[in-house]
Amino acid sequence: MSKELLDLLKLLDQASELELQDVTIEAEELAIEFLPVVMQTMAVTAPEAAVALKKVIELKMEKFEPPVIKYPGSIPEVQIGATRAEGGTRGKVIKIGGETCPPFYRFESPPKNRPVIALDVFDQPIVPLAGPVKSAYKDVLEDPAEWAKKAIQVYGADLISLHLVSTDPTLKDTPPQEAAKAVERVLQAVDIPIIIGGSGNPQKDLQVFQYLAEMTAGERLVFASATIDMDLDAVAKVMSKYGHNLVALAFMDINQAKELSRKLTEAGLPKDHLILDPTTGALGYGIEYSFSVMERIRLSGLMGDETLQAPLSCAATNAWAAREAWMKVDEWGPREYRGPLWEATTAIVGLLAGADMFMMMHPLAAKIVKGLAEILSKPKLDTKLEEINYNDWIRMRV
Amino acid sequence: MPKILRPLEVYGVLPQTNCGECGESTCMAFAAKVADGVADITQCKPLFKDPKYKSKLQKALEVTRPPVKPVTIGTPPCQVIIGGKRVMYRHELTYHNPTAIAVDVIDDMDADSLIKRAKAIESYSFERIGQQLKLNLIALRCVSDSPEKFAKAADMLSKNVSLPLILCSYNPDVIEEALTVVGDKRPLIYAATKDNWKEMLDLASKYKCPIAISSPGNLDMLKSLASTFVGTGMEDIVLDPGTFVRGDSLAETINIFTMLRRAAIEKGDKLVGFPLMAVPAVVWMDPEGDEVEKKMKESYVASIMMTRYADLLIMHSFDPWVLMPLLVWRQNIYTDPRVPPSVKPGVYEIGKPTDVSPVFATGNFALTYFLVRGDIENAKIDAYLVVADSEGLSVESSVAGRRLTAEKFAEAIKSSGLDQKLKKKVLIIPGRAARLSGELEELLPGWKILVGPRDSSAIPEFVEKVLKKEMELT
């Protein structure tokens, strides 16, 4: 018996469950099937050419091993909101992040915290809203406090993202003291934590954030967003002084995210007060860049890059920039369904890439994504797969 | 981490004669393309024909075999290749072989309805960024239990449409009857299970058809069946680990698909290195939920499974609003991660513009360009379209991120030569870049700056109601 065949038989012996039914099997035949050394002398066949199949009688039993990997890094947990005991006034607090493996790799570990949904509220109805969105909020558009209540009580939002659009220098240029009234009213109307969004103007936002951070000291809110052209030192200092969280908005660029993270933490922002937002492009309008940047940020964080260890924020609201979401086109089907599905799909892509906090608009889209986040984040699943007659799908009558 | 194929590895197993038969001038250039996944090793003719390269060929096939084997369904020119994946994450290397999407039909529909639905599936098309987004296969489900009926339906399908078929039944008699009629068209057989695998394997080998192995929720059995099939030389396999969507089971479905793909790519487990299939159509088995809820769920389950490694999807819903997000996400995710889809910044003429025509400006994201161009054409006006460099991003994102600034618009106008050429200088900037208008007025003295609509679809209305008056005034 050749050495190769001995080795082979030893190998087969180790696979105890494997049964060699055909005991008259020829040594050459085995060699051809298993040994690469001999394979090189085989007659070569083109990949698509038909191969004469060998008869088998029994199943070769195999075991599937979950492909678990160890990650040197993990994502900090960020707490949003503070109760009275913690120095704030919130009735509920929210925790995001804390991941120790890629998103929903349950074979490694179930998610520590469920991704959360913030519904958008604007301090002034000056931003044009898509038809399907407007109809959901038409009775509260003039009053951010009522709007926030409806978003929570009727539509089940986990938190509110209050966008102070009136502060935009190209719109109303409301001063911080004026914008603060809406913040105060919303904080009184609801007892969950809120995200305070600026206008996107780096100089004005810094002024607004400085004023409001002090006014809401101890509430542990989220301010959105610090950008690369903002005075990062100043914004980091004011956030850490008054104990708030900060979203750093990078422009679909992993290196910019790293730079923001490094500068903010160097200026004193605690690591567990930072949330990264790599910018969310709408489905069909650059979402793949958001998807890939989010995946890279999360994987790099898990592999030990400290600057990228932060929960991720995803503005799925941007989906409404896509005309496929809101435009009336008969052959595309009703926009009442199409729009929310477009926003939900945009958010779901972010969810699978690792996003922890979503800013959304349409109640139905928010409901779908929250429901999914709940299912995907359960520590233990209730449904037993063997109780589902999956095979019946072929014969279903629909 | 996955083993990325390197050009030098490929070069090592090529004849290295620079014969040019593959269309590349050198073997090295060809090797680079193979490593990038844009050329296939089979395009090297001498390697496959010349007996002196026998040992090289064997090595070449081993070296270039992706961790997830490509499987062909159908025959040319109507074939679909699924699988062939080399990486888990899109940013590592462009994903190849886009997820194939099948829509179902059943065998006891009357002939007219069957043909009508099949033809509708085949002709469904949605144009985006110059590409036609289409469906790829028809899944014929056996609900009649009758081999004759099933075979007759398969026959009708193959005579009326050219999309490849998936023959769905767990009954080998049913499958065989259909294969006697359409077996030469290489349909996908669905499915071999722990109970029928011997008969199904015989059929797949007899008719040389690819075959799905279905082992819902049981990965040991899935792998055992795959191992058994591979042991006989049958490698045209598609794996169906089960698509569970009821209650909280979707979490486990995602978990299973993710484990299988990582095992294949990052752990080199060859026995699960085959395309994966998911069946979002199962949402229709749930007694709860109304029709719209089911359609929405089917759509997002399909998008989820495509993101989490399904190479083949079987759908039941066929409404445009259900399919659009899925088809668009597929188009998005199967692009080169290194290059944003963009057009060259510069001046584009629409119609026959003269020295009194208006100038529209936008960013250079390809989709923006095509949409804006189409909408200006719809307005039936001769105009210039100045495309500023927004770094391949949409107007909204690039203005927010300050990649598209007033300076860039001004620069684009100045380098276009339009400043000297035009008698009437009217510039329309996108509504989403409205905040730049003040700055632009300073940067472009002598120009009238108008803020256009937020979405370019309103350009025809804007031209009628605003622009025409302004052009007369100027």
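Everything numeric here is computed off the predicted structure, so don't read it as measured data. (Residues numbered from 1 in each chain as written. Chains lettered and ligands numbered in written order. Predicted model: local features only at pLDDT ≥ 70, side-chain atom pairs only at ≥ 80, totals over all residues. Heavy atoms only, no water.)

**Focus: the sheet that holds strand β3 (residues 100-106) of chain B**
Residues and elements named next belong to chain B.
Now for step 1: Across the sheet, eight strands lie side by side as β10-β9-β8-β7-β6-β3-β12-β11; this open sheet has parallel pairing. The sheet terminates laterally at β10 (237-240) and β11 (277-278), the two strands that pair on one side only.
Now for step 2: Bridging between β3 and strand β6 (residues 137-141) involves five bridges; their strand directions are parallel. Note that in β6 the partner of A102 across the bridge is L137.
Now for step 3: Sheet strands touched by helix α7 (residues 172-182): β7 (165-168) and β8 (188-192). Its angle to β7, the strand with the most contacts, is close to 155°.
Now for step 4: Against the sheet, helix α11 (residues 291-307) touches β11 and β12 (312-315), its axis set at about 175° to β12. (Pairing = 2+ DSSP bridges. Helix = DSSP H or I, 4+ residues; strand = E, 2+ residues; numbered from the N terminus. Contact = heavy atoms within 4.5 Å. Axes fitted to C-alpha atoms, helices over the stretch in contact; angles between N-to-C directions.)

**Let's talk about the side chain of A:R90**
Now for step 1: Note on placement: A:R90 falls in the loop between β1 (77-80) and β2 (94-97).
Now for step 2: For A:R90, the contacting residues outside a window of four places in its chain are A:G81, A:A82, A:T83, A:R84, A:L187, A:V190, A:D191, A:I192, A:P193 and A:E219.

**Details of the packing of α7(B) against helix α8 (residues 197-207) of chain B**
Residues and elements named next belong to chain B.
Now for step 1: Between α7 and α8, the shortest axis-to-axis distance is 10 Å and the interhelical angle comes to 10°. The orientation of α7 with respect to α8, classified from their angle, is roughly parallel. From α7, P172, I175, E176, L179 and T180 reach across to α8, where they touch E199, M200, L203, K206 and Y207.
Now for step 2: Here the residues of the contact of α7 with α8 are counted per class, giving six nonpolar, one polar and three charged. (Parallel < 35°, antiparallel > 145°, perpendicular 65-115°, else oblique. Nonpolar A, V, L, I, M, F, W, Y, C, P; charged D, E, K, R; others polar.)

**Let's talk about the pairing of strand β5 (residues 194-197) of chain A**
Each regular strand displays side chains that alternate between the two surfaces of the sheet.
Residues and elements named next belong to chain A.
Now for step 1: Side chains of β5 alternate between two faces, with I194 and I196 and I195 and G197 buried alike.
Now for step 2: Sheet topology places strand β4 (residues 159-163) next to β5; four bridges connect them, and they run parallel. Pairing of H163 across the sheet is with G197, part of β5.
Now for step 3: Crossover connection from β4 via helix α6 (residues 176-189) to parallel β5: handedness right-handed.
Now for step 4: Here β5 pairs with strand β6 (residues 222-226) via three bridges, running parallel. (Buried < 20%, exposed > 50% of the residue type's maximum accessible area, 1.4 Å probe, protein only. Right-handed = clockwise from strand over helix to strand, strands pointing away.)

**Let's talk about the interface of chain B and chain A**
Now for step 1: Facing 115 residues of chain B, the contacting portion of chain A comprises 95 residues.
Now for step 2: In total, chain B and chain A occlude about 9,600 Å² of area from one another, counting both sides; carbon and sulfur atoms represent 66% of this.
Now for step 3: When residues of chain B are sorted by the area they lose upon contact with chain A, B:D248, B:R262 and B:W321 head the list and together hold 7% of the total.
Now for step 4: Summed over the shared surface of chain B and chain A, the result is 11 salt bridges.
Now for step 5: At the junction of chain B and chain A, the tally comes to 39 residue pairs in polar contact (both at pLDDT 80 or more).
Now for step 6: Examining the composition of the side of chain B that touches chain A, we find that 12 residues originate from one element, helix α10 (residues 250-266) of chain B, more than from any other.
Now for step 7: Looking at the side of chain B that touches chain A residue by residue, the classes come out as 55 nonpolar, 31 polar and 29 charged. (Buried area = accessible area lost by both parts, 1.4 Å probe. Salt bridge = Lys/Arg side-chain N within 4 Å of Asp/Glu carboxyl O. Polar contact = N/O pair within 3.5 Å; in protein donor to acceptor, adjacent residues only side chain to side chain.)

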